[in-house]
Protein chains: 2
Amino acid sequence: MKMQPDGRKARGEKRREEIIAATLRVIERDGVAGVTHRTVATEAGVPTTSTTYHFSSLDDLLVATLISCARDMATEVYWMIDRARSRGSRGADEVAGLLAEALGPRRGRTMAEYELYLLAARKPELRPAARRWLDVLTSMVRHDDEISFRVFLAGIDGLLIQGLIDDEPPSADELRPVVAYLLKPR
Amino acid sequence: MKMQPDGRKARGEKRREEIIAATLRVIERDGVAGVTHRTVATEAGVPTTSTTYHFSSLDDLLVATLISCARDMATEVYWMIDRARSRGSRGADEVAGLLAEALGPRRGRTMAEYELYLLAARKPELRPAARRWLDVLTSMVRHDDEISFRVFLAGIDGLLIQGLIDDEPPSADELRPVVAYLLKPR
DNA sequence: TGGCTAATGGGACGATCGTTCAGGTAGTTT
DNA sequence: AAACTACCTGAACGATCGTCCCATTAGCCA
């Protein structure tokens, strides 16, 4: 419990987060394959050695980026679910709209998220972070809804991945009937 | 229309396919990030320059690998659907078993497929190949079933991706209720 | 048999990579 | 003020990368 925060550490932490943000931008633009100490440093506007100082290796940098990204995803999808619920039977509209947004304006971000997701499949130490947002969401629903909710989340993932290889992003209108069918109770 | 096939070209084509197969093995083991001319050549047991001779660039090699992989996926999932259908209400068992297999013994292959899938999201020239197996399968079903089938395929994709970040692969027993719910008609 | 072409493979070049190191700066503590 | 610590950064090293070049081999055709 520190009362007087160290100004040096504060600046260091700030730069660390800038580097993480820059890494995410690089992944959005060029994919995980485009992440090097130098490209990230250039993107962040810092010297190359700064990325090696704050992250002991490139792997550490990707790990930190995934953790940061997963936290954002969790809160984001949390509010999506919340909004969809509050709109009741209009939930499909809400979800379809958000999917269209994720596949349109935010397409790069969506690709980055799934690339980091697959990275977690190969690196066990990343899995807790990648799984966290799934766990958070699952804990939101009633216990007897768990299976239908797992199906819902799986369907969302599948629609996003398939939407990423369309020549032009699917519109909310195209997605709505599929989402509605996915949400329809049995 | 050649009547007498050129023996040289035949050997060349054979080696070309060996290189593609080796590339897929490298992706299964180390991911797309591990694909270099040298690693692929070593895996295939050919000199380094052989991969640059048969493929004008690394991109071409990955493109050819994805196309080959997508063809296999299409036929594979085709028979899965066929078997699931013939077993009627027992289709969920069939599908759950195949998912467990894809996430267990064939886990590396499944990761490779999704990595190539995401590669297609970034390279437009790859999208037709990546989409082909979706199209083939969609053409299998009756027109009025299209939406439920799209939901089914999306759910499969989502279950596979989420299963890839589990610490231990989910068993067929764990997957069966989810698959059954996914298949249940509304 | 002698040209012709496709496939093969050894070697090397320049570029870029991850990472290290040592010197320099600025904030904190005594 | 002095000692200490944390952050910063330019330069460089060795490894590895994609790709090219050129000599050699082997199957084809006239």
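Description of the structure in this document. On a predicted model such as this, the values are computed, not experimentally measured, just so you know.

### Let's talk about the overall build of chain A
So, point 1. Regarding its fold elements, chain A presents 9 helices and 0 strands.
So, point 2. The secondary structure elements of chain A, listed N-terminal to C-terminal, are α-α-α-α-α-α-α-α-α.
So, point 3. The C-alpha extent of chain A, read off along each of the three principal axes, is 55 × 45 × 30 Å.
So, point 4. Relative to its full complement of 186 residues, chain A shows a buried share of 34%.
So, point 5. Restricting to contacts in chain A with at least 6 residues of sequence separation, those with at least 24 account for 64%.

### Remarks on the protein's contact with DNA strand C
So, point 1. Taken together, 24 residues lie around DNA strand C, and Gly 7 and Thr 36 of chain A together with Gly 12, Pro 47 and Thr 49 of chain B are the ones closest in.
So, point 2. Breaking the surface near DNA strand C down by element, the ones donating at least two residues are α1 (7-30), α2 (37-44) and α3 (48-54) of chain A together with α1 (7-30) and α3 (48-54) of chain B.
So, point 3. Looking at the surface near DNA strand C, the element that brings in the most residues is α1 of chain B, giving 5 residues.
So, point 4. Taken together, the residues of the surface near DNA strand C sort by class into 4 nonpolar, 13 polar and 7 charged.

### Some thoughts on the protein's contact with DNA strand D
So, point 1. For DNA strand D, the set of nearby residues contains 23 residues, the closest of which are Gly 12, Pro 47 and Thr 49 of chain A together with Gly 7 and Thr 36 of chain B.
So, point 2. At 5 residues, α1 of chain A tops the list of elements feeding residues into the surface near DNA strand D.
So, point 3. Looking at the surface near DNA strand D residue by residue, the class counts come to 4 nonpolar, 12 polar and 7 charged.

### Some details on the nonpolar core
So, point 1. With 101 residues, the main nonpolar core has Leu 66, Leu 99 and Ala 120 of chain A together with Leu 66, Leu 99 and Ala 120 of chain B as its most contacted residues.
So, point 2. Ignoring sequence-local partners within four residues, the contact set of Leu 99 of chain A consists of Leu 159, Leu 160 and Leu 175 of chain A.

### Details of helix α6 (residues 107-122) of chain B
So, point 1. Under the 1.5 Å per step criterion, the end-to-end length of α6 of chain B is 23 Å for 16 residues, consistent within 8% with the ideal 22 Å.
So, point 2. When α6 of chain B is considered as a whole, its buried residues turn out to be Thr 110, Met 111, Ala 112, Glu 113, Glu 115, Leu 116, Tyr 117, Leu 118, Leu 119, Ala 120 and Ala 121 of chain B.

### Some points on the environment of Gly 45 of chain B
So, point 1. In this fold, Gly 45 of chain B is placed in the loop between α2 (37-44) and α3.
So, point 2. Along the backbone, Gly 45 of chain B and Ala 22 of chain B are 23 residues apart, and their C-alpha atoms lie at a distance of 8.9 Å.

### Regarding the interface of chain A and chain B
So, point 1. Taken residue by residue, the interface counts 36 residues in chain A and 36 residues in chain B.
So, point 2. Elements with a contribution of two residues or more to the side of chain A that touches chain B: α6 (107-122), α7 (127-138), α8 (146-164) and α9 (172-183) of chain A.
So, point 3. Among the elements that make up the side of chain A that touches chain B, the one with the highest residue count is α8 of chain A (14 residues).
So, point 4. Residues that form the side of chain A that touches chain B fall into these classes: 22 nonpolar, 5 polar and 9 charged.

### Re the packing of helix α5 (residues 91-103) of chain B against helix α8 (residues 146-164) of chain B
All names here are of chain B.
So, point 1. It is the contact of α5 with α8, at a shortest axis distance of 10 Å, that shows an interaxial angle of 35 degrees. Of the two elements, α5 crosses α8, and the hand of that crossing is right-handed. Between α5 and α8, the contacting residues are Leu 99, Ala 102 and Leu 103 on the first element and Leu 159, Leu 160, Gly 163 and Leu 164 on the second.
So, point 2. Partitioning the contact of α5 with α8 into residue classes produces 6 nonpolar, 1 polar and no charged.

### Looking at the packing of α8 of chain A against α9 of chain A
Each pair of packed helices can be summarised by the angle the axes make with each other and by the distance between the axes.
All names here are of chain A.
So, point 1. Close contact between α8 and α9 brings their axes to 10 Å; oriented N to C, the two are set at 160 degrees. Taken together, the axes of α8 and α9 are roughly antiparallel relative to one another. When you trace α8 past α9, the crossing you get is right-handed. On α9, the residues touching Phe 152, Gly 155 and Leu 159 of α8 are Leu 175, Val 178, Leu 182 and Leu 183.
So, point 2. Its residues assigned to classes, the contact of α8 with α9 comprises 6 nonpolar, 1 polar and no charged.

### Notes on the relation of the copies chain A and chain B
So, point 1. Screw-axis analysis of chain A against chain B gives a translation of 0.0 Å along the axis, an RMSD of 0.1 Å, and a rotation angle of 180 degrees. These values place the two chain copies in the arrangement generated by a two-fold rotation axis.

### Some words on the environment of Met 73 of chain B
Residue and element names in this part refer to chain B.
So, point 1. Assignment of secondary structure puts Met 73 in helix α4 (residues 58-86).
So, point 2. You can call Met 73 buried: it has 20 C-beta atoms within 10 Å.
So, point 3. Met 73 sits 55 residues away from Glu 18 along the chain, and the two C-alpha atoms are 18 Å apart.
So, point 4. In this view, Met 73 contacts Glu 113 and Trp 133; residues no more than four positions away in its chain are not counted.

### Observations regarding the environment of Val 179 of chain B
Residues and elements named next belong to chain B.
So, point 1. By the secondary structure assignment, Val 179 is in helix α9 (residues 172-183).
So, point 2. Taking the number of C-beta atoms within 10 Å as the measure of exposure, Val 179 has 26 and is therefore buried.
So, point 3. Along the sequence, Val 179 and Ala 74 sit 105 residues apart, while their C-alpha atoms lie 20 Å from each other.

### What about α9 of chain B?
So, point 1. In this model, α9 of chain B (12 residues) spans 15 Å end to end at C-alpha, consistent with the 16 Å of a helix rising 1.5 Å per residue.
So, point 2. All of the buried residues in α9 of chain B are Ala 172, Leu 175, Val 178, Val 179 and Leu 182 of chain B. Mapping the buried residues of α9 of chain B onto a view down its axis gives an arc of 130 degrees, with all of them on the same face.
So, point 3. Residues of α9 of chain B that are buried make contact with α8 of chain A together with α5 and α8 of chain B.

Here is what the cut-offs are and how they apply
Residues numbered from 1 in each chain as written. Chains lettered and ligands numbered in written order. Predicted model: local features only at pLDDT ≥ 70, side-chain atom pairs only at ≥ 80, totals over all residues. Helix = DSSP H or I, 4+ residues; strand = E, 2+ residues; numbered from the N terminus. Buried ≥ 20, exposed ≤ 12 C-beta atoms within 10 Å, placed from the backbone. Contact = placed C-beta atoms within 7 Å. Near = placed C-beta within 6 Å. Nonpolar A, V, L, I, M, F, W, Y, C, P; charged D, E, K, R; others polar. Core = buried A, V, L, I, M, F, W, Y, C linked by C-beta atoms within 7 Å. Expected span 1.5 Å × (residues − 1). Axes fitted to C-alpha atoms, helices over the stretch in contact; angles between N-to-C directions. Left-handed = near helix turned anticlockwise from the far one by under 90°. Parallel < 35°, antiparallel > 145°, perpendicular 65-115°, else oblique. Least-squares fit on C-alpha atoms with pLDDT ≥ 70 in both. Arc of directions from axis to C-beta.

Honestly, it's all geometry; don't read function into it.
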